[in-house]
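Fold and geometry: a report
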Amino acid sequence: MGVLITVLVVFAVAGLVLLALSVRNVQQYEKGVVFRFGRLLPDIRGPGLRVIRPIGDRMRKVSVQTEVLGIPPQGSITADNVTLTVDAVVYFKVIDPVKALVNVRNYPAAVSQIAQTSLRSVIGRADLDTLLSDRDHINAELKKVMDAPTEEPWGLRIERVEIKDIALPESMMRSMSKQAEAERERRARVIAADGEFEASQRLTDAAATMADTPGALQLRLLQTVVDVSAEKNSTLVMPFPVEMLRFFEHQSRDTDGASDRRVIHRTSRSTRSTRSTRSTPRPAVPEGVVIPEPAIPSTAIPAPAIAPTFSLSGERVGSGGKRIGNRAEVARERRDNWPTRKDAEESLNG
């Protein structure tokens, strides 16, 4: 009786051990692949309690969650011969557990290696400006390059690839900062020029409106005076009317024209008197009578005109001996009393 009980107990313990070896728990995010004596069974076990043979069967669990794999920094040269260091991150998941276990030994390490080589290849075909400004295009191209050798042969799907950081040389960073500063300055100048252009157009319209309405210009002048005096200044600046300057300019031109006409009249009158004196015919002289030539009085020879003199003391003296004060009187003295070149030649040729 005791022997029978012992045998039953042994069989019970062996059954419990075999049951424990044959039951597997598969999580919701996992798939179970069973190998029987090294041969793959076609059925893939889903989540829950799964029973396998305790002897000869071996189950491998594969996670179908999205995995994140960081790519270490890779030194590369762009298409425009710029050396830089780039690191990235890869998001992938297993879509076929059988291929992930059978076709590749360690698929995370394989994905890391192919990501590094693909990253260098894509960066070598792109230039620096595209790499810095169009990250989405570079990421899409990198994903496309990695999908070809991983999805169909290995049963892996590359969901996303992103470039995390781009390390540039110090000299290149200084050059880019200068370029950005120059571009900002160019934009500022263009904006300022556009503002000046629009302001000039507005001022032109305002000037046309004020020209049509003279009262508007007067009101604007008074408003400017009010704005200047509002700051409690001790000096008030009054603008000088432009019309008054134009009046003085017209008066000066009329005075200069009258003076020129007087000089021309006096010169023509002296020329006519000289010609009339020369053209007077001499009386007939009988033969044998010698008439001496009359002495020409000193008053008959016109004296050359004397220009105004200037004393060494710095005082200005005119033709009449009077002193000249400011520059306007000097200019008037030169214009009215100085002889012209024609008068000087006639006085010398007498």
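An account of the accompanying structure is given in this report. Residue numbers run consecutively from 1 along every chain, following the written order of its sequence. This being a predicted model, a pLDDT of at least 70 is required before a residue's local features are given, and a value of 80 or more before pairs of side-chain atoms are given or counted; all residues contribute to the totals for chains, interfaces and linings. Side-chain measures here rest on the full set of heavy atoms in the structure, leaving out hydrogens and waters.

Digging into the pairing of strand β2 (residues 30-36)
Across a regular strand the side chains alternate sides, sitting on one face of the sheet and then on the other. Under the scheme applied here, a residue whose accessible area is under 20% of the maximum for its type counts as buried, over 50% as exposed, and between as partly exposed, the area being computed with a 1.4 Å probe on protein chains only. Secondary structure elements follow DSSP: runs of H or I no shorter than four residues count as helices, runs of E no shorter than two count as strands, and numbering proceeds from the N terminus. Counting buried positions over the 7 residues of β2 gives 5, a clear majority of the element. A pair of strands is treated as paired once DSSP finds two or more bridges between them. Two elements, β2 and strand β5 (residues 57-63), share 7 bridges in a ladder whose sense is antiparallel. Across the sheet, Val-34 pairs through a bridge with Met-59, a residue of β5. A loop of 2 residues connects β2 with strand β3 (residues 39-45), the two strands running antiparallel in sequence, and Phe-37 in this loop sits at a positive phi of about 55°.

Digging into the side chain of Asn-139
The topology assignment puts Asn-139 in helix α5 (residues 135-154). Note on definitions: a residue-residue contact is assigned when non-hydrogen atoms from the two residues lie within 4.5 Å. Each residue touching Asn-139, except ones within four places of it in the same chain, is listed here: Val-161, Glu-162 and Ile-163.

Topic: the pattern of salt bridges
Salt-bridge detection follows one rule: a side-chain nitrogen of Lys or Arg within 4 Å of a carboxyl oxygen of Asp or Glu. The full count for this structure, using the stated rule, is 8 salt bridges. One salt bridge in this structure joins Glu-152 and Lys-99, with 3.6 Å as the shortest N-O distance. Taken together, the positions of Glu-152 in helix α5 and Lys-99 in helix α2 (residues 97-102) put the pair 53 residues apart, joining distant regions of the chain. What makes Glu-152 exposed here is its relative accessible area of 57%. Judged by its relative accessible area of 26%, Lys-99 is partly exposed. Across the pair Glu-141 and Arg-125 runs a salt bridge, and its minimum N-O distance is 3.0 Å. Here Arg-125 lies in helix α3 (residues 107-125) and Glu-141 lies in helix α5, a separation of 16 residues in the sequence. A residue is classified by how much of its surface remains accessible, and Glu-141, at 24% relative accessible area, is partly exposed. One salt-bridge network, held together by shared partners, links Glu-183, Arg-186 and Arg-187.

Concerning unusual backbone geometry
Even without being a glycine, Phe-37 presents a positive backbone phi close to 55°. Topologically, Phe-37 is positioned in the loop between β2 and β3. With phi around 60°, Asn-81 is a residue other than glycine that occupies positive phi space. Mapped onto the secondary structure, Asn-81 falls in the loop between β6 (67-77) and β7 (83-94).

Some remarks on the sheet that holds strand β8 (residues 156-167)
Spatial ordering of the open sheet is given by β6-β7-β8, a layout of 3 strands whose pairing is antiparallel. A single partner strand is all that each edge strand has here, and the edge strands are β6 and β8. Each neighbouring strand pair of the sheet contributes to a mean axis angle of 25°, computed without reference to strand direction. Only the contacting stretch of a helix is used when fitting its axis, a line to C-alpha atoms as for every element, and angles between N-to-C directions run 0 to 180 degrees. The strands touched by α3 are β6, β7 and β8; relative to β6, the strand with the most contacts, the crossing angle is about 35°.

Overview of α5
Between its first and last C-alpha, α5 extends 27 Å over 20 residues, near the 28 Å set by a 1.5 Å rise per residue. Turning to α5, its buried residues number three or more, namely Ile-138, Asn-139, Leu-142, Met-146, Asp-147, Thr-150 and Trp-154. Packing partners of the buried residues in α5 comprise β7, α2, α3, α4 (128-133) and β8. Phi turns positive one or two residues past the end of α5, at Gly-155, with a value near 75°. In this analysis, the expected span of each helix is defined as 1.5 Å times one less than the number of residues it contains.

Some thoughts on a nonpolar patch on the surface
In this scheme, patches are assembled from residues that exceed 30% relative accessible area and form no salt bridge. Like charges are connected within 9 Å, while nonpolar side chains (Val, Leu, Ile, Met, Phe, Trp, Tyr) are connected within 5 Å. Surface accessibility in these figures is a Shrake-Rupley result with a 1.4 Å probe; residues are shielded only by whichever protein chains are displayed. A cluster of nonpolar residues, Ile-5, Val-9, Val-13, Val-17, Leu-18, Leu-21, Phe-37 and Ile-55, forms a patch on the protein surface that exposes about 770 Å² of accessible area. Considering the arrangement of structural elements, one finds Val-17 in helix α1 (residues 2-22). You can call Val-17 partly exposed: its relative accessible area is 43%.

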